[in-house]
Every structure is written in structure tokens, then in C-alpha cells.
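An overview of the molecular structure
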Amino acid sequence: NATTRRDEQGNVIGVVGIGQDITARLAQEREYSKLIDSANAPIFGVDTFGRVNVWNQCAMKLVGYTISEVMGKNLVQEFITKEYRAAVKAVLDKALRGKETANFEFPLITKNGVRIEVLLNATTRRDEQGNVIGVVGIGQDITARLAQEREYSKLIDSA
């Protein structure tokens, strides 16, 4: 911050500057970014307009879209199946109002056209002043688990 310094007559005689060392905060932000990017769960983030602003390596591997293909794009309109767009948008909108959602199941279609089932936790993202700046979603691919549950049901039904 900087402000002018004035004499008794109101003439500018200098400038007073106040600085703050943010080295530690920047290092912490880099560490968080590294942790998110290398996590073994798909993690994405959207801003208050629903545009993707976080996309980790696991999300990229799971869905097949690179960071450059998703950044800035509307998550719901571009990457969610039509029949689930309203439900996923409702979960994100709820998180933008500060109400988080856990264990929301929905399908995603990968870049290669394969349907996968995802279990999602959506959490509100806030800035240092507590203002909502978006949503972070942490997912889990539950496709294999659901297939296994269907197989068990078939076995039980045929017994």
C-alpha cells in the first residue's frame, strides 16, 4: 500500500509505503497446488460462473481431457451428460451458497465416449476474506464397485 505524505498546507512532500512479506503464503499456495495436482483422486474446481479453474492429473487420466482442454470451459454444459446437468448444476450452486454436498453419484462420459460413474463431494472455496470464489470437487470412480454390486445382485437373485 502507498499513500501520499503531505505538509500542513496539503502539499505533497513524499510517499509512505507499507509492504508485507507474502513469501510464506506463496510457498503454501504452491504446496497446496502440488498436493491437489498429485492427489490420487480426481479433483476439479470451478469459479462462481461454473468455469473450470482446477483440474488435477487424476481427473485428466480418468476422463481423458487435458488441462488445456477444460480450463475456462463450463463444467456442467460441456462435460456432464444431459440428463444429469440440472442435478450437477444444483449441487454446484448449493456449494456456491455455502452448503456442501457429500456422496453425490452421477455419470461422466470420458473423452473416448466411455460412461463412468463418479461419487462426488462438492465443497465451497473461499478467499482470505471469506468470500465465496468457487467450488472444489473431489471425486471417486465407482464404476467397478457398482458393476460388482450389480453382479452380486444377479447372483443372489438367481440363487
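Everything quoted here is computed from the prediction, not taken from an experiment. (Residues numbered from 1 in each chain as written. Predicted model: local features only at pLDDT ≥ 70, side-chain atom pairs only at ≥ 80, totals over all residues. Heavy atoms only, no water.)

Thoughts on the pattern of salt bridges
Within the structure shown, the criterion is met by 5 salt bridges. Residue Lys111 is joined to Glu69 by a salt bridge in which the shortest nitrogen-to-oxygen separation is 2.5 Å. Of the two residues, Lys111 sits in the loop between β5 (101-109) and β6 (115-126) while Glu69 sits in helix α3 (residues 67-70), which places them 42 residues apart along the sequence. Take Glu69: its relative accessible area is 25%, and that puts it in the partly exposed class. Between Asp93 and Lys89 there is a salt bridge; the shortest N-O distance is 2.9 Å. Separated by 4 residues within a single helix, Asp93 and Lys89 lie in helix α5 (residues 85-96), roughly one turn from each other. What makes Lys89 partly exposed here is its relative accessible area of 41%. Via salt bridges that share partners, Glu83, Arg115 and Glu117 belong to a single interconnected network. (Salt bridge = Lys/Arg side-chain N within 4 Å of Asp/Glu carboxyl O. Helix = DSSP H or I, 4+ residues; strand = E, 2+ residues; numbered from the N terminus. Buried < 20%, exposed > 50% of the residue type's maximum accessible area, 1.4 Å probe, protein only.)

Section: unusual backbone geometry
Phi at Asn103 takes a positive value of approximately 60°, unusual for a residue other than glycine. Relative to the helices and strands, Asn103 resides in strand β5.

Some thoughts on the packing of aromatic side chains
Counted under the stated rule, the structure contains 3 aromatic pairs. Judged by centre distance (5.7 Å) and plane angle (25°), the rings of Phe104 and Phe106 are stacked. Across the pair, Phe106 and Phe104 agree in class, each one buried. One aromatic cluster is present, built from ring pairs that chain together Trp55, Tyr65 and Phe79. (Phe/Tyr/Trp six-rings, centres within 6.5 Å; stacked < 30°, edge-to-face > 60°.)

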